[in-house]
Amino acid sequence: MASVRTRSVLVSDHRQSLSHGRKRLVPAVSTTASKRSGIGVVGEAADGAECVDLARRLRPDVCLVDIRMPKLDGLEVTRLLAGPKAVDPLRVVVVTTFDQDDYVYGALSNGACGFLLKDAGPGLLVEAVRAAARGDALISPAVTVRLLKRIGEQRPADGREVSFGPLTERELDVTRLVADGRTNQEICAELVVSLSTVKSHLASIQAKLGLRNRVEIAAWAWRSGVVGDR
């Protein structure tokens, strides 16, 4: 039986010192790690500044970042570690108890490749880490539809045609499916192509449009009208 590569995770949760009230990230991740999920916690940070320092030193596969932290909040941490100006960016998944649109949109705009609510459960947390580690993205189902609707509402209001740029018809097909929340395997089945072909299309889409991950592909699709244009 082939061994599963362990994904290194840095956890930054400002409530880890509190004993009441909120769910903590560290126990959830530690529990999943102990169940052979292929995830290992390599560091814990209690504030945003410590998170940035540890992340740059440890270079984990994925950083799980709480949105509200002292010194630097989760949005600023995400911008520093994964934003457009980050040198050698890391993969960041934002986890929070606060289901607010401005947090979701701010995190993804700053480069996060995932956004989860803390009540999503350990299973979804594991999937988010795995998705981020392989270059995919996962957004909590509770906020996905609302987020995409908000992005879609930002289309040009003057009736102008939005150019779909240099994308081929097949790349547009892949883009629409990504915007619908399909996984790579589901895209393979839908288009009857191989996994390597899907990955090649995604890499080409990102390169042509200057996007960093599939969250940005989905956002571009909704904003440009690609999804509603089927």
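You'll find the structure just up there.
In this report, the structure presented in the accompanying data block is examined. The structure displayed is predicted, hence computed values, not measured ones. (Residues numbered from 1 in each chain as written. Predicted model: local features only at pLDDT ≥ 70, side-chain atom pairs only at ≥ 80, totals over all residues. Heavy atoms only, no water.)

Topic: helix 8 (residues 184-191)
Moving on, step 1. Here helix 8 has its buried residues at N184, I187, C188 and L191. The buried residues of helix 8 occupy an angular sector of 105 degrees when projected down its axis, which confines them to one face. Away from the buried face of helix 8 by more than 90 degrees, exposed residues Q185 and A189 are located.
Moving on, step 2. Lining the buried residues of helix 8 we find helix 7 (169-179), helix 9 (195-209) and helix 10 (214-224). (Buried < 20%, exposed > 50% of the residue type's maximum accessible area, 1.4 Å probe, protein only. Helix = DSSP H or I, 4+ residues; strand = E, 2+ residues; numbered from the N terminus. Arc of directions from axis to C-beta. Contact = heavy atoms within 4.5 Å.)

Looking at the environment of D136
Moving on, step 1. Tracing the backbone through its elements, the reader meets D136 in the loop between helix 5 (122-133) and strand 6 (138-139).
Moving on, step 2. Taking relative accessible area as the criterion, D136 reaches 12% and is therefore assigned buried.
Moving on, step 3. With 77 residues separating them in the primary sequence, D136 and N213 have C-alpha atoms 6.7 Å apart.
Moving on, step 4. Excluding residues that lie within four positions of it along the chain, D136 makes contacts with C113, A131, N184 and R214.

A short note on the pattern of salt bridges
Moving on, step 1. Under the defined criterion, the tally for this structure stands at eight salt bridges.
Moving on, step 2. Measuring nitrogen to oxygen at the nearest pair gives 3.1 Å for the salt bridge that ties D88 to R59. Here D88, found in the loop between helix 3 (74-82) and strand 4 (92-96), pairs with R59, found in the loop between helix 2 (48-58) and strand 3 (62-66); they are 29 residues apart in sequence, far enough to count as distant.
Moving on, step 3. For R59, a relative accessible area of 35% gives the class partly exposed.
Moving on, step 4. Each of R170, D173 and R176 takes part in salt bridges that share partners, so that together they form one network. (Salt bridge = Lys/Arg side-chain N within 4 Å of Asp/Glu carboxyl O.)

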